[in-house]
Amino acid sequence: MTDTLIQGRTGPWEIVLGLEVHAQVASRAKLFSGAAVGFGAGPNAQVSTVDAGFPGMLPVLNRFCVEQAVKTGLGLNAQIHRTSRFDRKNYFYPDLPQGYQISQLYHPIVGEGALEVERDDGSTFTVGIERLHLEQDAGKSIHDMDPHSTYVDLNRSGTALMEIVSRPDMRSAEDAAAYVRTLRTLLRALGTCDGDMEKGNLRADVNVSVRRPGEGLGTRCEIKNVNSFRFIMQAIEYEARRQVEILEDGGKITQETRLFDPGRGETRSMRSKEEAHDYRYFPDPDLLPLVLEEAWIEEIRASLPELPAARRRRFAEQYGLTAYDAGVLTAEDERATFFERAAGARNAKLVANWTVNDLLGRLSAEDRGIAESPIAPEALGELVGLIEDGTISSKIAKTVFDKLWAGEGSAREIVEREGLVQVSDTGALEAAADKLIAANPEKAEAVKTKPQAIGWFVGQVMKETGGKANPAVVNAVLRARLGID
Amino acid sequence: MSELTALTLTDAVEGLRTKRFSAEEITRAHLEAMQGARTLNAFTVETPDRALEMARASDARIARGEGGPLEGAPLGVKDLFSTEGVETTAGSRILQGFKPPYESTVTANLWRDGAVMLGKLNMDEFAMGSSNETSAWGPVANPWRSRGSNASLTPGGSSGGSASAVAADLCLGATASDTGGSIRQPAAFTGTVGIKPTYGRCSRWGMVAFASSLDQAGPITRSVADAALMLRSMSGHDPKDSTSLAVETPDFTQFVGRDVRGLRVGVPREYRVDGMPAEIEQLWEQGVAWLRDAGCEIVEVSLPHTRYALPAYYIVAPAEASSNLARYDGMRFGYRAGGGTLTEVYENTRAQGFGDEVKRRILIGTYVLSAGFYDAYYLRALKVRRRIADDFDRAWETCDALLTPSTPTAAFALGDKDADPVTMYLNDVFTVPANLAGLPGISVPAGLDANGLPLGLQLVGRALDEGTLFSLAGALEQAAAFRSKPERWWS
């Protein structure tokens, strides 16, 4: 891992990273109030008197959110705690109506686990999971609507979050991003979080420290609320550099909470350890300890879908895909489903190529997900089927793909309507070959001593037939006519 | 004064059912009594229009041969219980003008059973107090006065308004709440009956929270049978309160008057505190004798951790309160003070909105939960709490209920103890252990002291065994034959 070290003026430094990921639980109702959860509702339209902290209102735990947390814990191969508790984290802020957040400090629902993370190059590493706990989200303060006032929207107040805390097991910005990407894929596959980072449904607090290779852990700074892969990497790069510079100048790192400013690409101090809140955690007396039945945990375990890591391995083995293609196709549930529907009994590697290179390439260029693909999986499968049975060439297939994308009918309809069927009629091809050889006697002679020169003849025949000739048949005809072999 | 207001709840309900008088008549009689007793300051809000409307609806149901177990009975509601559309302040300026858009489960249960709401009853601010002097709306006066004195006495607290109103015949019964003795102590000071049921028996939903793990609703009434009748309606599992117990509510009224022969009654030796007036000591002995005569077996028991109950209570309760009261920030409801910055608005709102006792407890609670003090105070208090519960569990091996005095003194004069909070806190010394252990406790009027002031005896029972308490309380009530009423000086 020496390639991930930072080279400072005085030698190499190692970055040590641990992440706290806040994942909004996919649930129609909030963690304790039964109020609806949704993005895009009018301000304060989804707020119950519990969420607004009215006097005498009490929290009642949402069973489904607990099930989602257990499911996630099982997906992380983590220990599910049969007994957990809810604690209050006390602080004042207008978007925190109760004056405390209900969280799980002392006894989280999920304990230690591990996540195997795959890098882009196919190599893998393991990130230890320290814990996962359930907690309420706060509301939203809007400071820029009025110069003198802050507006508060409590729609998000009380929404269920899973805080997933990793061990400090990452050593580079890329690995941190890969970890979040893998975790996001897992959550989406489990259906426990939609992973929508733009809406803030998945965000990370990044703990960054640096040290000389082989030395003990350095003092860390926590960068709060980073909500995109790019920002996570930028924040880490900047923060690590900042810390190295301080240390190399003989300074000391102050433990503090920092904010990442995406506009400037830098982190800024938010509050130091001395200014840190004393949250006065204590067990929430309004809630009983959460006790889970073993049988229920097993029921949830049995209901788990195929997880991304297992699916990736299966795709590689069952379909003979490259590690890269398997990774891309299993990164999202919808992609895997699309691929398997398209592949059917066809040449899976070919389907994978078309899905990854052509379809996903085009979709990503237009910033769309596979769910918004104008080409249905069956339609792409039909196109690959036409290549497989020799009806069209791969080259023609690109044209057909464009027309499919434009919604001009099914692959077969397009091929028939536009006369794109590949010419495999040896008679027609023989005539074309004879004509070509007769017109180019010296080239025909040269092929006899330099067989690779046959390529020119193949190209000419293909051109002659408007690309519709079956290249394999053309090759065979030319070899016979030119007397090679 | 109308005879209708002097009835017990049980008799009134029977009279209504048999149409000897109408709900409207008995409601009007109470509204009139309330009007004549404003000097007691027992009610913070009177709701005559709603009362008459509810009474007429009751009369209509009775006419149709329908009606619940409390049909047409006018009751008072401690201002801790949220009442839909009716100002609910919990005795605090910070909730001034707050009209909840919801009805507490306990009061909703009472209205479901046909009861009529007369108004909201004064109380110590956020139920923090033992004399009703911490109310933002002024203290409540006890209808009782020392013989030959015109000095205003406390009705106790925090349910002082409830106790005073019931004692002065302003309502047939009242809801109250008890975190450390707030039902039993005022009941003892006013010659009324008050029961704090098992923690979780009554839903806390819609009850303004003081200390969530200790708060429990209960009734204050003029007889043991009335308390059983009213508690039966207030109780019941509520899915909206996670700490509400999923148990059936027994018909408590069936236990009153039941034979108590063979029941073992424990007398805890640790309750003989230093400086306890001889009169209290004598009353306690009298109570023991009454129960022995009724056929109970008297056993001496030991609750060795009793002396730590009060200190533990004054850590746990303020800790929870400091967090429960964080929501009163002036942002969404109630009182808001001005200020140039957010912090100023918070500070001014809470400085002006809360009274001194509430501030004191928020400070104590914040302190004991702070980093570095949590283990030494809060966690240790939780351990003590466990020991106290263990003490009771051990006692239940040899007895079925405990008999103790309700309070260490009779009602004291307003202004007498407000200078020293610890003296005030000592009022709860006999009542607090039952809250810490979540056990039911009832105070029954047992006699008058030399000054003519009522004194109460307390029975504490096993969790969910209110039935035994009602039987024993009924026996005490019968033996004591407490019939005294305060002299009517207020109207």
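None of these values were measured; they are calculated from a predicted model. (Residues numbered from 1 in each chain as written. Chains lettered and ligands numbered in written order. Predicted model: local features only at pLDDT ≥ 70, side-chain atom pairs only at ≥ 80, totals over all residues. Heavy atoms only, no water.)

Undergrad: In this structure, what is going on with the overall build of chain B? I would like to understand it.
TA: Tallying secondary structure elements over chain B gives 15 helices and eleven strands in all. For a compact globule of 491 residues, the expected C-alpha radius of gyration is about 23 Å, and chain B comes in at 21 Å, within 12% of that figure. Of all intrachain contacts in chain B linking residues separated by at least 6 positions in sequence, the fraction that spans at least 24 positions is 76%. Here chain B displays about 16800 Å² of accessible surface, and carbon together with sulfur accounts for 49% of that area. Side chains of chain B carry 48 positive and 58 negative charges; the gap between the two charge centres is 2 Å. (Helix = DSSP H or I, 4+ residues; strand = E, 2+ residues; numbered from the N terminus. Rg over C-alpha atoms; globule rule 2.2 N^0.38 Å. Contact = heavy atoms within 4.5 Å. Areas by Shrake-Rupley, 256 points an atom, 1.4 Å probe, with all protein chains shown as cover. Lys, Arg positive; Asp, Glu negative; His and termini not counted. Charge placed at Lys NZ, Arg CZ, Asp CG, Glu CD.)

Undergrad: Hey, could you run me through the overall build of chain A in this one?
TA: The secondary structure content of chain A amounts to 15 helices and 16 strands. For 485 residues, the compact-globule formula gives about 23 Å, and the C-alpha radius of gyration of chain A, at 30 Å, lies well above that figure. Put simply, chain A has 485 residues, and 52% of those count as buried. Sequence separation of at least 24 residues holds for 68% of the intrachain contacts in chain A that already meet a minimum separation of 6. Carbon and sulfur atoms make up 49% of the accessible area of chain A, which amounts to about 22000 Å² in all. Positive and negative side-chain charges of chain A, numbering 58 and 72 respectively, have mean locations separated by a distance of 1 Å. (Buried < 20%, exposed > 50% of the residue type's maximum accessible area, 1.4 Å probe, protein only.)

Undergrad: When you look at the environment of E299 of chain A in this model, what are you seeing that I'm missing?
TA: Here E299 of chain A lies in helix 4 (residues 294-302). When the C-alpha positions of E299 of chain A and E112 of chain A are compared, they lie 21 Å apart, and in sequence the two are 187 residues distant.

Undergrad: I would appreciate a short explanation of the sheet that holds strand 5 (residues 100-103) of chain A in the present structure.
TA: Hydrogen bonds between backbone atoms are what pair the strands of a sheet, whose relative direction is either parallel or antiparallel. All names here are of chain A. If you trace the three strands from one edge of the open sheet to the other, you get 5-4-15, paired in antiparallel fashion. If you trace the sheet from one side to the other, it starts and ends with strand 5 and strand 15 (282-283), each paired once. The pairing of strand 4 (residues 87-90) with strand 15 spans two bridges and is classified as antiparallel. Bridge pairing in strand 15 places R88 opposite F282. (Pairing = 2+ DSSP bridges.)

Undergrad: How should the nonpolar core be read in this particular structure?
TA: A general feature of soluble globular proteins is that nonpolar side chains tend to end up buried together. Residues and elements named next belong to chain B. Counting residues in hydrophobic clusters, the biggest one holds 162 residues, and the most contacted among them are F126 and L170. The leading source of residues in this core is helix 9 (residues 309-324), at ten residues. Those residues in contact with F126 that sit more than four places away from it in its chain are A90, S92, I94, L95, V208, A209, F210, L325, Y328, F354 and V358. (Core = buried A, V, L, I, M, F, W, Y, C linked by side-chain atoms within 4.5 Å.)

Undergrad: What's the story with the packing of aromatic side chains in this structure? I'm lost.
TA: Each aromatic ring pair is characterised by the separation of its centres together with the angle its planes make. Throughout the structure, instances matching the rule amount to 34 aromatic pairs over all chains. Seen from their ring centres, F98 of chain B and F333 of chain B are 5.3 Å apart, and the 45° between their planes marks the pair as tilted. One end of the pair, F98 of chain B, is in the loop between strand 2 (74-78) and helix 4 (105-112); the other, F333 of chain B, is in the loop between helix 9 and helix 10 (342-353), with 235 residues separating them in the sequence. Each member of the pair, F98 of chain B as well as F333 of chain B, carries the same accessibility label: buried. With 4.9 Å between their ring centres and 45° between their planes, F126 of chain B and Y328 of chain B make a pair best called tilted. With F126 of chain B in the loop between strand 3 (116-121) and helix 5 (160-167) and Y328 of chain B in the loop between helix 9 and helix 10, the pair connects residues that are 202 residues apart, well separated along the chain. For the pair F126 of chain B and Y328 of chain B, one class covers both residues: buried. Through successive ring pairs, a cluster of aromatic residues spans F54 of chain A together with F98, Y102, F126, W205, Y328, F333 and F354 of chain B. The ring of W456 of chain A has K443 of chain A lying over it, and the distance from NZ or CZ to the ring centre is 4.4 Å. Residue placement shows R272 of chain B over the ring face of W284 of chain B; its charged tip is 4.6 Å from the ring centre. (Phe/Tyr/Trp six-rings, centres within 6.5 Å; stacked < 30°, edge-to-face > 60°. Lys NZ or Arg CZ within 6 Å of the ring centre and 35° of its normal.)

Undergrad: In this structure, what is going on with the domain arrangement of chain A? I would like to understand it.
TA: Interfaces are often described in size by the accessible area the parts lose on coming together. Domain boundaries in chain A define domain 1 (2-300), domain 2 (306-417) and domain 3 (426-482). A separation of 65 Å is found between the C-alpha centroids of domain 1 of chain A and domain 3 of chain A. (Domains from an automatic or database assignment.)

Undergrad: Explain the interface of chain B and chain A to me, please; I cannot follow it from the model alone.
TA: Facing 38 residues of chain B, the contacting portion of chain A comprises 30 residues. Counting the surface lost from both chain B and chain A, the interface buries some 2800 Å², and carbon and sulfur atoms represent 59% of this. Contact with chain A buries area across many residues of chain B, yet S242, R327 and R332 of chain B alone supply 23% of it, more than any other trio. Here chain B and chain A share one salt bridge between them. Residues D286 of chain A and R204 of chain B are paired through a salt bridge, measuring 3.1 Å at the closest nitrogen-oxygen approach. At the junction of chain B with chain A, the criterion picks out 16 residue pairs in polar contact (both at pLDDT 80 or more). Residue assignment for the side of chain B that touches chain A shows that the elements contributing at least two residues are helix 9, helix 10 and helix 11 (356-369) of chain B. (Buried area = accessible area lost by both parts, 1.4 Å probe. Salt bridge = Lys/Arg side-chain N within 4 Å of Asp/Glu carboxyl O. Polar contact = N/O pair within 3.5 Å; in protein donor to acceptor, adjacent residues only side chain to side chain.)

Undergrad: Whenever I open this one, helix 1 (residues 9-17) of chain B confuses me. Can you help?
TA: Helical periodicity: at 3.6 residues per turn, an α-helix aligns residues three or four positions apart in one direction. Residues and elements named next belong to chain B. For helix 1, every residue scored as buried is listed here: L9, A12, V13, G15 and L16. The buried residues of helix 1 all sit within an arc of 160° when viewed along its axis, so they share a single face. Of the surrounding secondary structure, the elements contacted by the buried residues of helix 1 are helix 2 (23-36), helix 3 (48-63), strand 2 and helix 7 (224-234). Where helix 1 ends, the next residue or the one after it, K19, has phi of about 60°, a positive value. (Arc of directions from axis to C-beta.)

Undergrad: Looking at this structure, how should I read the packing of helix 4 of chain B against helix 7 of chain B?
TA: For any two helices packed against each other, the geometry is given by the interaxial angle and the distance between the axes. Residue and element names in this part refer to chain B. Their axes nearest at 8 Å, the elements helix 4 and helix 7 cross at an angle of 110°. Our classification of the angle between helix 4 and helix 7 gives roughly perpendicular. Within the contact between the two elements, helix 4 uses V106, N109, L110 and R112 and helix 7 uses M230, S233 and M234. Residues of the contact of helix 4 with helix 7, tallied by class, amount to four nonpolar, two polar and one charged. (Axes fitted to C-alpha atoms, helices over the stretch in contact; angles between N-to-C directions. Parallel < 35°, antiparallel > 145°, perpendicular 65-115°, else oblique. Nonpolar A, V, L, I, M, F, W, Y, C, P; charged D, E, K, R; others polar.)

Undergrad: For this particular structure, what's the right way to read the environment of A450 of chain B?
TA: Residue and element names in this part refer to chain B. With respect to the helices, strands and loops of the structure, A450 is situated in the loop between strand 10 (441-448) and strand 11 (454-461). Considering only alpha carbons, one finds A450 and L170, 280 residues apart in sequence, at a separation of 27 Å. Look past the residues within four positions of A450 in its chain and what remains in contact with it is R147 and E279.

Undergrad: Explanation requested: the pattern of salt bridges in the structure shown.
TA: When the charged atoms of two side chains lie near each other, side chains of opposite charge can form a pair. Enumeration over the complete set of coordinates arrives at 67 salt bridges over all chains. Across the pair D137 of chain A and R203 of chain A runs a salt bridge, and its minimum N-O distance is 3.2 Å. Of the two residues, D137 of chain A sits in the loop between strand 7 (124-136) and strand 8 (140-142) while R203 of chain A sits in strand 11 (residues 202-211), which places them 66 residues apart along the sequence. Pair check on accessibility: D137 of chain A and R203 of chain A agree, each one buried. Salt-bridge contacts for R61 of chain B lead to E71 of chain B; the nearest nitrogen and oxygen are separated by 3.0 Å. Taken as a pair, R61 of chain B in helix 3 and E71 of chain B in the loop between helix 3 and strand 2 lie far apart in primary sequence, ten residues in all. We classify E71 of chain B as buried; its relative accessible area is 5%.

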